[in-house]
Amino acid sequence: RKCMKEWKDAPVASSDNKQQKKYGVILVSSTTGNGDAPENAGRFVRFLKKQTTANDTTSFQHVAYAVLGLGDTNYDQFCAMGKLLDKKMEDLGGTRAKPLACADEATGLEDVVEPWLETVVQDLARACCADGDNSESAAPPPTPTTTQPVPETTPTLSTTMATPAQTSTTTTTTTTTTTT
């Protein structure tokens, strides 16, 4: 929750990164049960739903994000949490840096995960430095994706892992919050 409060304000330009316009957030989520959030993501998902219900469309206006959903097509609610996170982040003003990717355990997660990982940091860095809206449709990306060159002005991204005990900032069983 501390990070979410910080995201309300635009990033402060520093001497080594004068171009940053948004905070970068990577969300990776599985789906449990019948389309439910993993236990350690429940609090974050409730927060997103509450903000959306309150018609708050600016909570994440200073956030660029990428979502990777992990699921299994043998279940009815395939990647429901990834889809929900992607939609709610957009509804709350976030800028989609990369189309939602839905990895399928039934066919092999690596077919989607590995190409997504190859470009997610570059795409997020571009979105954090871009002017205006960089959102794309929520359709899954073509597989496989190719690595795109990083512009010379791309900021360095630092990564912080949230632990399951930090449920207020954890969005899934594995959540990486990337801040530029």
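Going by the structure above, here's the rest.
Residues numbered from 1 in each chain as written. Predicted model: local features only at pLDDT ≥ 70, side-chain atom pairs only at ≥ 80, totals over all residues. Heavy atoms only, no water.

What follows concerns the pattern of salt bridges. Under the definition given, this model contains five salt bridges. Its salt-bridge partner being Lys87, residue Asp91 comes within 2.8 Å of it at the nearest N-O pair. With Asp91 and Lys87 both in helix 3 (residues 80-91) and four residues apart, the pair spans about one turn of that helix. Among the residues examined, Asp91 registers a relative accessible area of 29% and is labelled partly exposed. The class for Lys87 is partly exposed, based on a relative accessible area of 46%. Note that Glu90 is salt-bridged to Arg96, the shortest N-O span being 3.1 Å. Judged by relative accessible area, which is 1%, Arg96 ranks as buried. The structure contains a network of salt bridges with shared partners spanning Asp86, Glu90 and Arg96. (Salt bridge = Lys/Arg side-chain N within 4 Å of Asp/Glu carboxyl O. Helix = DSSP H or I, 4+ residues; strand = E, 2+ residues; numbered from the N terminus. Buried < 20%, exposed > 50% of the residue type's maximum accessible area, 1.4 Å probe, protein only.)

Attention now moves to the packing of aromatic side chains. Overall, the coordinates contain one aromatic pair when judged by the stated rule. Ring centres of Phe47 and Phe60 lie 6.5 Å apart, and the angle between their planes is 80°; on these two criteria the pair is classed as edge-to-face. Of this pair, Phe47 sits in helix 2 (residues 42-53) while Phe60 sits in the loop between helix 2 and strand 2 (63-71), and the two are 13 residues apart along the sequence. The two residues Phe47 and Phe60 agree in class, both being buried. (Phe/Tyr/Trp six-rings, centres within 6.5 Å; stacked < 30°, edge-to-face > 60°.)

This paragraph deals with the environment of Gly108. Along the polypeptide, Gly108 turns up in the loop between strand 4 (101-104) and helix 4 (110-129). Judged by relative accessible area, which is 13%, Gly108 ranks as buried. C-alpha separation for the pair Gly108 and Asp72, spaced 36 residues apart in sequence, amounts to 9.4 Å.

When two helices pack together, their arrangement is given by the angle between the helix axes and the distance between those axes. The geometry of helix 2 relative to helix 3 is characterised by a closest axis approach of 10 Å and an angle of 40° between their N-to-C directions. In terms of their interaxial angle, helix 2 and helix 3 are classed as oblique. Judged by the twist between their axes, the crossing of helix 2 over helix 3 is left-handed. Along the contact surface, helix 2 presents Phe44, Val45, Leu48, Lys49 and Thr52, while helix 3 presents Met81, Leu84, Leu85, Lys88, Met89 and Asp91. Of the residues belonging to the contact of helix 2 with helix 3, the class tally is seven nonpolar, one polar and three charged. (Axes fitted to C-alpha atoms, helices over the stretch in contact; angles between N-to-C directions. Parallel < 35°, antiparallel > 145°, perpendicular 65-115°, else oblique. Left-handed = near helix turned anticlockwise from the far one by under 90°. Contact = heavy atoms within 4.5 Å. Nonpolar A, V, L, I, M, F, W, Y, C, P; charged D, E, K, R; others polar.)

Among the nonpolar cores identified, the biggest contains 20 residues, and Leu27, Leu48, Phe60, Val63, Leu85 and Met89 are the most heavily contacted of them. For this core, the secondary-structure elements that each account for two or more residues are strand 1 (23-30), helix 2, strand 2 and helix 3. At four residues, helix 2 tops the list of elements feeding residues into this core. Residues Val28, Ala66, Ala101 and Cys128 belong to the second largest nonpolar core, which totals 15 residues. (Core = buried A, V, L, I, M, F, W, Y, C linked by side-chain atoms within 4.5 Å.)

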